[in-house]
Amino acid sequence: MKPISLYILSAAFALSSTAAVAQKQTPPAGGEPRNFTLPAKQEFTLPNGLQATLVPYGALPKVTVSLIVQVGNVHEQESENGLADITGQLMREGTASLNAKQIADQAARMGGSVNVSVGSNQTSISGSVLSEYGPELVKLLADLVQHPAFPESEMARIKNDFKRNMNLARSQPSTQADVKFRMALYKGHAYGRDLPTDAQINAFTTEQVRDFYQRQFGAQRTGVYVAGKFEANAMRQAITSALSEWQQGPPPRIEIAQPVTKPDLLLLDRPGAPQSTLIIGLPTIDPSHPDYTKLRVMNSLLGGSFGSRITSNIRENKGYTYSPRSTVAPRYRVADWSEVADVTTEHTGNSLKEIVNEVERLQKEAPSPEELKGIQNYEAGLFVLRNSTPEGIINQLSFLDLHGLPDTYLTNQVQAIHAVTPQEVKDLTKKYIRPEDMTMVVVGDKKVITPQIKKFQAETKKKAL
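A quick note: this is a predicted structure, and the numbers were derived from the prediction, not measured.

Draft legend 1. How the structure looks around the pattern of salt bridges. For the structure shown, the criterion picks out 20 salt bridges. With its nearest N and O atoms 2.9 Å apart, the salt bridge here joins K41 to D407. Placement of K41 in the loop between α1 (3-25) and β1 (42-45) and of D407 in the loop between α14 (390-403) and α15 (408-411) is noted, with a sequence separation of 366 residues between them. On the basis of relative accessibility, which here comes to 24%, the residue K41 falls in the partly exposed class. Among the ionic pairs, K294 bridges to E424, the shortest N-O distance being 3.1 Å. Within this pair, whereas K294 is found in helix α10 (residues 292-304), its partner E424 is found in helix α17 (residues 422-432), the two being separated by 130 residues in sequence. Here the salt bridges do not stand alone but share partners, grouping E93, E154, R157, D161 and R164 into one network.

Draft legend 2. Here's a closer look at the UniProt feature "domain: Peptidase M16 N-terminal" (unreviewed entry) in the protein. UniProt's entry tags residues 62-195 with the feature "domain: Peptidase M16 N-terminal" (unreviewed entry), counted in the numbering of this structure. Along residues 62-195 one finds 46% helix and 16% strand; the C-alpha atoms at either end are 37 Å apart.

Draft legend 3. A look at unusual backbone geometry. Backbone geometry at F150 places phi at a positive 45°, although glycine is not the residue there. With respect to the helices and strands, the residue F150 is situated in the loop between α4 (134-146) and α5 (155-170). For R333, which is not glycine, the phi torsion reads 65° and is therefore positive. Mapped onto the elements, R333 comes out in the loop between β9 (325-330) and β10 (335-344). Taking relative accessible area as the criterion, R333 reaches 29% and is therefore assigned partly exposed.

Draft legend 4. Fine view of the sheet that holds strand β3 (residues 62-69). Across the sheet, which stays open at both edges, the 6 strands sit in the order β1-β2-β6-β3-β5-β4 with mixed pairing between neighbours. The two strands at the open ends of the sheet, each matched to only one other strand, are β1 and β4 (113-118). Each strand of the sheet is rotated relative to its neighbour by a mean of 15°, with strand direction disregarded. Contacting β2 (51-56), β3, β5 (123-130) and β6 (222-228), α14 crosses the sheet at an angle of about 150° to β6.

Draft legend 5. Geometry of the packing of helix α12 (residues 348-364) against helix α18 (residues 446-464). With their axes 7 Å apart at the nearest point, α12 and α18 run at an angle of 30° to one another. Comparing the axis directions of α12 and α18 gives the class roughly parallel. In this structure, α12 uses T348, G349, L352, K353, V356, N357 and E360 to contact α18, whose residues at the interface are I449, Q452, I453, F456, E459 and K463. Here the residues of the contact of α12 with α18 are counted per class, giving 5 nonpolar, 4 polar and 4 charged.

Draft legend 6. Structural detail: the sheet that holds strand β7 (residues 264-269). In spatial order, the strands read β7-β11-β8-β10-β9; together these 5 strands make up an open sheet with mixed pairing. Edge positions in the sheet fall to β7 and β9, since each has one partner strand and no second. The mean inter-strand angle of the sheet, taken between neighbouring strand axes irrespective of direction, is 20°. Here 5 bridges tie strand β8 (residues 275-284) to strand β11 (residues 439-444), and the two strands are oriented antiparallel to one another. Across the sheet, residue I280 finds its bridge partner in β11, namely M440. Sitting on the sheet, helix α6 (residues 173-185) touches β7, β8, β10 and β11, and the angle it makes with β8 is about 25°.

Draft legend 7. Local environment of the domain arrangement of the protein. In terms of domains, the protein is made up of domain 1 (42-244) and domain 2 (264-464). For domain 1 versus domain 2, the separation of C-alpha centres amounts to 30 Å. On the domain 2 side, the residues contacting the 25 residues of domain 1 number 30 residues. Overall, the association of domain 1 and domain 2 removes approximately 2,300 Å² of surface from exposure, summing both partners, and the carbon and sulfur fraction of that is 71%. It is Y57, F181 and Y225 that lose the most area in domain 1 upon contact with domain 2, and together they represent 26% of the buried surface on that side. In this assembly, domain 1 and domain 2 are joined by 0 salt bridges. For the side of domain 1 that touches domain 2, the elements supplying multiple residues, two or more each, are β2, β3, α6 and β6. Counting residues per element, the side of domain 1 that touches domain 2 draws most heavily on α6, which supplies 10 residues. Residues of the side of domain 1 that touches domain 2, tallied by class, amount to 12 nonpolar, 10 polar and 3 charged.

Draft legend 8. Representation of the UniProt feature "domain: Peptidase M16 C-terminal" (unreviewed entry) in the protein. Under the local residue numbering, the UniProt record ascribes the feature "domain: Peptidase M16 C-terminal" (unreviewed entry) to residues 204-377. Structurally, residues 204-377 comprises 41% helix and 22% strand, and the distance from its first C-alpha atom to its last is 49 Å.

Draft legend 9. Spatial organisation of the layout of surface pockets. Volume-wise, the largest pocket comes out at about 900 Å³. Those elements giving two or more residues to the lining of the largest pocket turn out to be β3, β5, α10, β9, α13 (369-386) and α14. Looking at the lining of the largest pocket residue by residue, the classes come out as 11 nonpolar, 22 polar and 6 charged. The residue makeup of the lining of the largest pocket includes at least three contributed by each of domain 1 (42-244) and domain 2 (264-464).

Draft legend 10. Spatial organisation of the side chain of S131. Following the sequence through the fold, S131 ends up in the loop between β5 and α4. Leave out the neighbours within four places in its chain, and S131 touches L60, P61, K62, V63 and K229.

Draft legend 11. Layout of the packing of aromatic side chains. In the structure shown here, the tally under the stated rule is 5 aromatic pairs. Residues F150 and Y213 carry aromatic rings whose centres are separated by 5.6 Å and whose planes lie at 70° to one another, so their mutual orientation is edge-to-face. Here the residue F150 occupies a position in the loop between α4 and α5, and Y213 occupies one in helix α8 (residues 206-216), the gap between them amounting to 63 residues. Note on accessibility: F150 and Y213 belong to one class, buried. The ring centre of F44 lies 4.2 Å from the NZ or CZ of R236, which sits over that ring. Above the ring of Y191, the side-chain terminus of R331 is found at 5.9 Å from the ring centroid.

Criteria and thresholds
Residues numbered from 1 in each chain as written. Predicted model: local features only at pLDDT ≥ 70, side-chain atom pairs only at ≥ 80, totals over all residues. Heavy atoms only, no water. Salt bridge = Lys/Arg side-chain N within 4 Å of Asp/Glu carboxyl O. Helix = DSSP H or I, 4+ residues; strand = E, 2+ residues; numbered from the N terminus. Buried < 20%, exposed > 50% of the residue type's maximum accessible area, 1.4 Å probe, protein only. UniProt positions renumbered as here; feature names shortened; annotations may be inferred. Pairing = 2+ DSSP bridges. Axes fitted to C-alpha atoms, helices over the stretch in contact; angles between N-to-C directions. Contact = heavy atoms within 4.5 Å. Parallel < 35°, antiparallel > 145°, perpendicular 65-115°, else oblique. Nonpolar A, V, L, I, M, F, W, Y, C, P; charged D, E, K, R; others polar. Domains from an automatic or database assignment. Buried area = accessible area lost by both parts, 1.4 Å probe. 1 Å grid on protein atoms, 1.4 Å probe; cavity = no way out; pocket = protein on both sides within 12 Å on 5 of 7 lines; lining within 4 Å. Points joined across faces, edges and corners; volume = space filled by probe spheres on them. Phe/Tyr/Trp six-rings, centres within 6.5 Å; stacked < 30°, edge-to-face > 60°. Lys NZ or Arg CZ within 6 Å of the ring centre and 35° of its normal.

Okay, here's the thing in structure tokens:
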């Protein structure tokens with residue numbers, strides 16, 4: 001290549017780099033925030049108590065159907081730890097008239113698939129197919145939830161898979177810390193239980209699964225959500241025809257936890273660990289509280305986003321960790337706030353100190369309007385993204401129903417996010433995120449980190465005097 005060509009290329013590269021930097025420094029102004037418009041929905045209730053919600057959404061010729069039953073791990077007795085999971089996994093193995101392969105084949109023929117998932121509060125039986133097969137999907141899912149076969153032949157495999165998953169999870173320091181944290185906050189409640197052991201899983205029988213199903217599942221606890229492109233009358237007729245004869249079952253009920261607010265530091269030894277896993281947090285308000293949306297914005301600024309203060313401090317500036325994050329975890333009528341981070345062992349104490357420092361700084365000084373504006377745009381954008389698919393719409397509607405929230409929680413969400421003021425962020429931090437009341441869990445090399453933790457505790461005690 002001739003020298004003159006190299007010169008031209010170099011100059012072009014330099015100009016391009018300069019332009020890139022200039023573009024990075026002056027991003028385009030964001031658009032005007034707009035509230036989310038929930039598509040007109042059709043709701044009806046069957047005589048047995050089952051509720052249905054139909055929401056036309058999008059132009060793609062697909063429809064998503066979810067049967068969400070208020071049955072989860074929270075409905076297990078202490079001796080049934082993990083039984084809801086086994087029930088859900090066996091449910092997908094077939095019905096009185098179809099085996100697992102036939103169910104999968106039918107769903108595939110409709111251009112989709114079906115799935116059963118179990119969470120703390122709910123079990124979801126759902127699927128997505130081409131629009132013209134929507135009524136057939138309803139029939140298939142209704143068969144799964146009403147006539148599960150719970151085949152004995154699959155029990156051993158299901159239990160072995162479940163044990164492997166639990167043992168793998170138990171070996172992870174993040175899970176160890178999470179379990180310890182929940183056990184401390186929700187002692188005596190299902191939210192505070194340990195992972196099921198091999199012995200507990202081995203002891204389950206198909207008779208127990210059937211008994212759990214009979215005691216917990218039924219129409220009164222079930223909501224059917226349909227979102228996507230579909231023919232409304234046909235879907236309503238399909239739901240009515242397929243689910244009207246289902247047993248009414250027990251009414252919805254979740255025992256409300258009484259979380260414990262207790263300053264404590266719990267250390268789990270992990271000899272030789274190159275990192276320490278930290279969880280620092282406390283109980284806080286749940287989604288039904290008027291301050292909840294404001295709390296989420298505050299959390300995003302403090303530690304819940306990539307541009308948050310705690311992340312900037314211990315990741316960008318100090319280099320103690322790679323992916324710290326704080327969250328507000330809603331459960332049922334309760335919630336908890338926590339900061340989670342995997343930090344280098346040598347900076348375990350410093351990380352605790354910096355996290356607490358950032359909380360206290362936000363308690364004392366309101367953020368600038370510019371800093372808050374960036375976070376509000378981020379939160380509003382996330383909210384819009386969550387509603388951009390039929391599955392997202394169903395998740396949002398199910399969230400409203402579980403927590404007893406009105407539609408305006410969704411339709412006014414963007415406006416509510418942008419209405420939060422810097423002073424409110426400061427006041428909410430002081431009111432709800434109090435380091436002196438936090439439970440701290442550290443999983444790491446006890447021999448190395450104990451002196452650091454003692455130093456952190458001594459400095460905290462001295463500061464409080």
